[in-house]
2 protein chains.
Amino acid sequence: MLYPEGVLIDGMTGAVTPETGRYSKRLSGLAGIFQDSSAFERAIFDEADPLVYEVIDYRKPDSDLFFGTTTMQPGKVGVEYYMTRGHFHERRDRGEAYYTQSGVGLLLLESRAGETRSVAMCPGVCAFIPPDWAHRSINTGREKLVFAWFCATDAGHDYGQILQRGMRKLVVEQNGEVAITDNPNFRT
Amino acid sequence: MLYPEGVLIDGMTGAVTPETGRYSKRLSGLAGIFQDSSAFERAIFDEADPLVYEVIDYRKPDSDLFFGTTTMQPGKVGVEYYMTRGHFHERRDRGEAYYTQSGVGLLLLESRAGETRSVAMCPGVCAFIPPDWAHRSINTGREKLVFAWFCATDAGHDYGQILQRGMRKLVVEQNGEVAITDNPNFRT
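Small disclaimer: the values here were computed from a predicted structure and weren't measured.

Colleague: Help me understand the interface of chain B and chain A in this model?
Modeller: At the interface, 38 residues of chain B touch 39 residues of chain A. Counting the surface lost from both chain B and chain A, the interface buries some 3,200 Å², and carbon and sulfur atoms represent 67% of this. On the chain B side of the interface with chain A, the three residues burying the most area are Pro 4, Asp 64 and Phe 128 of chain B, jointly 22% of the side's total. Arg 94 of chain B serves as the salt-bridge partner of Asp 64 of chain A, at 4.0 Å between the closest nitrogen and oxygen. The tally of links from chain B across to chain A stands at 14 residue pairs in polar contact (both at pLDDT 80 or more). For the side of chain B that touches chain A, the secondary-structure elements that each account for two or more residues are strand 1 (5–9), strand 5 (65–72), strand 9 (96–102), strand 10 (105–111), strand 11 (116–121), strand 12 (125–129) and strand 14 (145–152) of chain B. Top contributing element to the side of chain B that touches chain A by residue count: strand 1 of chain B, with five residues. Broken down by class, the residue content of the side of chain B that touches chain A amounts to 23 nonpolar, six polar and nine charged. Direction of pairing for strand 1 (residues 5–9) of chain A relative to strand 12 of chain B: antiparallel, over a ladder of four bridges. Directly across from Glu 5 of chain A, in strand 12 of chain B, lies its bridge partner Phe 128 of chain B.

Shown next as structure tokens:
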């Protein structure tokens, strides 16, 4: 039997209380997603394998809906900003909502057919992610980027496709500004 | 084809931009849910049928998930605070999340089997509503109560049962404090 509960979401730290699980990604766990592999190796060494992001959830398997937070540190690897691995949902009929609580970033999306979109992430903006759009979050700011997400419990994560092929667009710093560019190494 | 979009949720006003629909409930639209029917009639007359709450949604029928806001005015009818109609979802396997943005209130819940619970609503608290628990929001404060909600698009609303029977608990002001009491008129 499931019971209602008040779950505190701290929009500054990403803490979820009570939480049911969490994982974190240090830079070494993100091999292959950044373009500049020597900058990647150097950053792991020079910055002692820095934390890139942390995901905390409140998940009750018998509920259709679950939620949680993702907290992304600021940082770059070469000209690319810290990003999440990016994923499709295993279930193609499952979307998601990303409600930014603090910090600024970009949500990069790609439909199954290869259309690309981005949504600016800033406090108060709830990004609507339709079913079957791959999505990757990028912290383009100098502070933590914290967003609360809401998703069907059975959506599932398919990380493999984005890991193998990359995404069609990159988010980079160009002349001190955030720019979206084509990914020269994207493989169809 | 559905496309991603950034949807601004204003946690102070409840505005959703862009929005796909809205409705509002004035007091006259809430006949039968307050215990004190003469206080109810008087409030409609004296306060010119005041606004009690407004619901604004961002709903894409082809998406599995939708979201929006509910903005509740502060007020009372007799000793009872302003409340929503309260509902079960038509689909018994669909829960919901209520993420309070501003103001304070109580979320009153009742399982299909008749168990009762409440969750305090205040900024930062995301109330987990399990599938098949009826839920009603009550503004117990002096300011607007604004919460963002996230729900399966196909959940559906069953208002009839709560309208007919009421809920087992009431939320009232007692000696200047918020109190949860038994509903003497609850009908099983």
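Additional details are given in the paragraphs that follow.
Colleague: Any chance you could explain the sheet that holds strand 13 (residues 133–139) of chain A here in plain terms?
Modeller: Sheet strands pair via backbone hydrogen bonds, and the direction of the pair is either parallel or antiparallel. Residue and element names in this part refer to chain A. The three strands are arranged 11-10-13 in an open sheet whose pairing can be described as antiparallel. Each of the sheet's edge strands pairs with one partner strand only, and the pair in question is strand 11 (116–121) and strand 13. Adjacent strand axes in the sheet meet at a mean angle of 20° when their direction is disregarded. In terms of strand pairing, strand 10 (residues 105–111) meets strand 13 through seven bridges, oriented antiparallel. Opposite Gly 105, over in strand 13, you have Asn 139 as the bridge partner.

Colleague: Even after reading the chapter, I still don't get the pattern of salt bridges, so can you show me in this structure?
Modeller: Pairing is possible between side chains that carry opposite charge, provided their charged atoms lie close to one another. Applying the stated rule across the entire model yields 22 salt bridges over all chains. A salt bridge links Glu 19 of chain A to Arg 22 of chain A; its shortest N-O distance comes to 2.8 Å. Accessibility expressed as a relative area gives 32% for Glu 19 of chain A, which makes it partly exposed. Owing to a relative accessible area of 48%, Arg 22 of chain A belongs among the partly exposed residues under this scheme. One continuous salt-bridge network, built from bridges that share partners, spans Asp 64 of chain A together with Arg 91, Asp 93, Arg 94 and Asp 154 of chain B.

Colleague: Can you help me understand the sheet that holds strand 11 of chain B in this one?
Modeller: Residues and elements named next belong to chain B. The three strands are arranged 11-10-13 in an open sheet whose pairing can be described as antiparallel. Strands at the two margins of the open sheet, each flanked by one partner only, are strand 11 and strand 13 (133–139). Averaged over neighbouring strand pairs, the angle between their axes works out to 20° when direction is ignored.

Colleague: Looking at this structure, how should I read the relation of the copies chain B and chain A?
Modeller: Mapping between the two chain copies consists of a rotation about an axis together with a translation along that axis. The transform that puts chain B on chain A rotates by 180° and translates by 0.0 Å along the axis, for an RMSD of 0.0 Å. The symmetry that links the two subunits is that of a two-fold axis. The C-alpha atom lying nearest the rotation axis in chain B is that of Phe 150 of chain B; the distance is 3.5 Å. Most of the interface of chain B is mirrored in chain A, where 100% of its interface residues are also at the interface.

Definitions and limits used
- Residues numbered from 1 in each chain as written.
- Chains lettered and ligands numbered in written order.
- Predicted model: local features only at pLDDT ≥ 70, side-chain atom pairs only at ≥ 80, totals over all residues.
- Heavy atoms only, no water.
- Contact = heavy atoms within 4.5 Å.
- Buried area = accessible area lost by both parts, 1.4 Å probe.
- Salt bridge = Lys/Arg side-chain N within 4 Å of Asp/Glu carboxyl O.
- Polar contact = N/O pair within 3.5 Å; in protein donor to acceptor, adjacent residues only side chain to side chain.
- Helix = DSSP H or I, 4+ residues; strand = E, 2+ residues; numbered from the N terminus.
- Nonpolar A, V, L, I, M, F, W, Y, C, P; charged D, E, K, R; others polar.
- Pairing = 2+ DSSP bridges.
- Axes fitted to C-alpha atoms, helices over the stretch in contact; angles between N-to-C directions.
- Buried < 20%, exposed > 50% of the residue type's maximum accessible area, 1.4 Å probe, protein only.
- Least-squares fit on C-alpha atoms with pLDDT ≥ 70 in both.

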